[in-house]
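Secondary and tertiary structure notes
Given next are the chains, with one letter for each unit.
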Amino acid sequence: MIERRPFETLGGARYDWLKTKHHFSFADYYDPKRMGWGALRVWNDDEIAPGTGFPQHPHADMEIITYVREGAITHQDSLGNKGRTEAGDVQVMSAGTGIRHSEYNLEPETTKIFQIWIQPSARGEKPAWGAKPFPKEDRSGRFVTLASGTGEDGDALPIRADAQVLGATLNAGETAEYLLAEGRRGYLVAALGSVDVNGVRLAERDGAAVERERVLRVTAVEDAEIVLVDVT
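Residues numbered from 1 in each chain as written. Predicted model: local features only at pLDDT ≥ 70, side-chain atom pairs only at ≥ 80, totals over all residues. Heavy atoms only, no water.

Before going further, it helps to spend a moment on the overall build of the chain. Each helix and strand in the chain was counted, giving zero helices and 22 strands. For 232 residues, the compact-globule formula gives about 17 Å, and the C-alpha radius of gyration of the chain, at 16 Å, lands near that figure. For the chain, the C-alpha atoms occupy an extent of roughly 45 × 40 × 35 Å along the three principal directions. The 232 residues of the chain split such that 53% are buried. By sequence separation, contacts in the chain at least 24 residues apart represent 71% of the contacts at least 6 residues apart. Accessible surface for the chain amounts to roughly 10200 Å². Of this, 47% is attributable to carbon and sulfur atoms. Across the chain, the mean location of the 27 positive side-chain charges is 4 Å away from that of the 36 negative side-chain charges. (Helix = DSSP H or I, 4+ residues; strand = E, 2+ residues; numbered from the N terminus. Rg over C-alpha atoms; globule rule 2.2 N^0.38 Å. Buried < 20%, exposed > 50% of the residue type's maximum accessible area, 1.4 Å probe, protein only. Contact = heavy atoms within 4.5 Å. Areas by Shrake-Rupley, 256 points an atom, 1.4 Å probe, with all protein chains shown as cover. Lys, Arg positive; Asp, Glu negative; His and termini not counted. Charge placed at Lys NZ, Arg CZ, Asp CG, Glu CD.)

Pasting the structure below:
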């Protein structure tokens, strides 16, 4: 089963400095039918104006993955971590017992990100942060694991959840496959371009909630960049 969630039907908000769309209930957007997808709790599509961003604020007991689509985001937290993550790259934050952080767009152009929250497998862990470049050419034509809680994806950023975050870039007409194990769910968004997922057409930034599909065949209708979350 694949449920398409068109971008234009998503909840969201618009401010002077931020345009945001929510795939699941978040902040002032509430839909009891969209409280999450398995352990996946939040998928926000944010556009942050130059020179603005999220001032320091707290999190606890959540795995927060930021995928930068355009521009760059600069992170600073209460552990002393600071880093700038560019388009196509990923940062992760394990909030654990508690962490405060800020995220700013210090670039001259709009920064566009996906921010993904996944519920951790255990609460009360020590907080942590990390970031890593993932060159798009390395995931050309195939899914590459960007963040993982399995301990078996050596090049992926570690998260403390029974989940994987994957990315792929496809040329128009190209197909990539992904095996979704028994009992697991997927949530897929094309960050760029339109795609066909097992016969379901997704426009750019549409969501696809997937369950009871063992093999995902993703074909790019046009050049595409894809993000997929695999969760229980």
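Now for the nonpolar core. Of all hydrophobic cores here, the largest spans 27 residues; its most connected members are Leu40, Trp43, Ile65, Val90, Ile116, Ile118 and Tyr187. Taken together, the elements giving at least two residues each to this core come down to strand S4 (40-48), strand S6 (63-70), strand S9 (90-94), strand S11 (111-118), strand S13 (144-148), strand S15 (163-170), strand S17 (185-192) and strand S22 (224-231). Core analysis: the next-biggest nonpolar cluster, separate from the first, contains 21 residues, Ile2, Ala176, Ala208 and Ile226 among them. (Core = buried A, V, L, I, M, F, W, Y, C linked by side-chain atoms within 4.5 Å.)

On to the environment of glycine 98, then. For glycine 98, the location among the structural elements is in the loop between S9 and strand S10 (99-105). Remark: the alpha-carbon pair of glycine 98 and glycine 207, spanning 109 residues in sequence, is separated by 30 Å. Those residues in contact with glycine 98, other than ones at most four positions away along the chain, are His59, Ala60 and Pro127.

Per the stated rule, a full pass over the model turns up seven aromatic pairs. Aromatic pair tryptophan 43 and phenylalanine 114: ring centres 5.6 Å apart, planes at 65 degrees, arrangement edge-to-face. Here tryptophan 43, found in strand S4, pairs with phenylalanine 114, found in strand S11; they are 71 residues apart in sequence, far enough to count as distant. Assigned by exposure class, tryptophan 43 and phenylalanine 114 land together as buried. (Phe/Tyr/Trp six-rings, centres within 6.5 Å; stacked < 30°, edge-to-face > 60°.)

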